[in-house]
Amino acid sequence: MSKSRLIPAAIAYDFDGTLAPGNMQEREFIPDVQITPQTFWKEVKALAEAHDMDEILAYLELMLQKANERKIPIRKETFERYGKALRFFPGVDGWFDRINKHAKGLGLSLKHYVISSGLREMINATSIAKHFAYVFASGFRYDHNGVACWPALAVNYTTKSQYLFRINKGIPNSYDNSQINKFMPNADRPLPFENMIYLGDGETDIPAMKMVTYQGGRAIAVYPKRKKGAKEASRLLVEQQRANGAAPADYNENSPLDKAVKAYLEEIAARWRFRAAAKV
């Protein structure tokens, strides 16, 4: 199949708990400000409750506060250093090239996106960042000295759905609200929802999963093998019809997740071939 006739498809990933274990803030930042993860997240919840604020904005504010208390200037380079230290679930490093090859063999042009409440500065510094068409994630604004001074973007469980529409409409940014709200016939949208696969691990992914499946796409609840209760929670999402399937966070070839994603890609390709043959 020629490149011009490749079928557009996408996989959208949550990051923490989906591609990488744990929360990215806990790897380097929280130890640097000399508190425990339990204390940090407890203070986040208390701050959010005290001011009736979004928890993502609360954690971003608290990061700046803790860094200032320790007189640690948090620059973009600091977050990039943190990002380079992140490690991933088994098989992630080789996943993208392998799944792209499989997709291309099916006649698909596959793109990968991140939609995360974590920090875009850290994600963009990881070894796998080159594989993403775009990273939609929380982030900071920086002052004239290059020091993080204010939250620029907070991606929470409800706004994740917005970024699916940005992918659907081909909008590679977080700021252009005129285009996201502009009417666009489904036939003109660069990436149909039914050609999307969403991978997520927790409650913050439920609206996005539901959105994708409602629009004809597929969602997989990914869970860490060793996290207590994670398997049962993921299976519950399937029972509640919020996700199509559940699989351990193992991206190696022939793992259940690998087989499921390949099967869904094959489904996309088969559907388009059928429509072309039937001229539907």
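Residues numbered from 1 in each chain as written. Predicted model: local features only at pLDDT ≥ 70, side-chain atom pairs only at ≥ 80, totals over all residues. Heavy atoms only, no water.

Trainee: Help me understand the packing of aromatic side chains in this model?
Mentor: The geometry of an aromatic ring pair is captured by the separation of the ring centres together with the interplanar angle, meaning the angle of the planes. Applying the stated criterion across every chain, the model contains 14 aromatic pairs. Here a set of aromatic residues connected by ring pairs shows up, and it is made of Phe29, Phe40, Trp41, Tyr59, Phe79, Tyr82 and Phe140. (Phe/Tyr/Trp six-rings, centres within 6.5 Å; stacked < 30°, edge-to-face > 60°.)

Trainee: Mind showing me how you'd approach the environment of arginine 5 here?
Mentor: Within the element layout of this structure, arginine 5 appears in the segment before strand S1 (7-13). Considering only alpha carbons, one finds arginine 5 and leucine 108, 103 residues apart in sequence, at a separation of 8.7 Å. (Helix = DSSP H or I, 4+ residues; strand = E, 2+ residues; numbered from the N terminus.)

Trainee: What is the right way to look at helix H2 (residues 37-51) in this model?
Mentor: Because an α-helix packs 3.6 residues into every turn, residues spaced three or four apart end up facing the same way. Here H2 spans 21 Å end to end across 15 residues, near enough to the 21 Å set by a 1.5 Å rise per residue. Restricting attention to buried positions, one finds in H2 the residues Phe40, Val44, Leu47 and Ala48. Mapping the buried residues of H2 onto a view down its axis gives an arc of 95 degrees, with all of them on the same face. Facing away from the buried surface of H2 by more than 90 degrees, the exposed residues are Gln38, Lys42, Glu49 and Ala50. Buried residues along H2 sit against helix H1 (29-32) and helix H3 (55-69). Two residues or fewer after H2 comes aspartate 52, characterised by a positive phi angle close to 50 degrees. (Expected span 1.5 Å × (residues − 1). Buried < 20%, exposed > 50% of the residue type's maximum accessible area, 1.4 Å probe, protein only. Arc of directions from axis to C-beta. Contact = heavy atoms within 4.5 Å.)

Trainee: Just to check I follow, could you spell out the packing of helix H5 (residues 92-105) against helix H11 (residues 256-278) for this structure?
Mentor: Helix packing geometry: the angle between the two helix axes and the distance between the axes. Between H5 and H11, whose axes approach to 10 Å, the crossing angle comes to 30 degrees. Taken together, the axes of H5 and H11 are roughly parallel relative to one another. By crossing handedness, the relation of H5 to H11 is classed as right-handed. Here Trp95, Arg98, Ile99, His102 and Ala103 of H5 come into contact with H11, specifically with Leu257, Asp258, Val261, Lys262, Leu265 and Glu266. Along the lines of polarity and charge, the residues of the contact of H5 with H11 split into six nonpolar, one polar and four charged. (Axes fitted to C-alpha atoms, helices over the stretch in contact; angles between N-to-C directions. Parallel < 35°, antiparallel > 145°, perpendicular 65-115°, else oblique. Left-handed = near helix turned anticlockwise from the far one by under 90°. Nonpolar A, V, L, I, M, F, W, Y, C, P; charged D, E, K, R; others polar.)

Trainee: Would you take a moment to explain the nonpolar core for this structure?
Mentor: If you look at soluble globular proteins, the nonpolar side chains tend to sit buried side by side. Of all hydrophobic cores here, the largest spans 62 residues; its most connected members are Phe15, Phe79, Leu199, Val261 and Leu265. Here the element with the most residues in this core is H3; it accounts for eight residues. (Core = buried A, V, L, I, M, F, W, Y, C linked by side-chain atoms within 4.5 Å.)

Trainee: Would you explain the pattern of salt bridges in this entry?
Mentor: Side chains carrying opposite charge are able to pair once their charged atoms draw close together. Applying the stated criterion across every chain yields a total of 12 salt bridges. Notably, a salt bridge pairs glutamate 43 with lysine 66, separated by 2.8 Å at the nearest N-O pair. Here glutamate 43, found in helix H2, pairs with lysine 66, found in helix H3; they are 23 residues apart in sequence, far enough to count as distant. For arginine 275, the salt bridge is made with glutamate 194, and the minimal N-O distance between the two is 2.6 Å. (Salt bridge = Lys/Arg side-chain N within 4 Å of Asp/Glu carboxyl O.)

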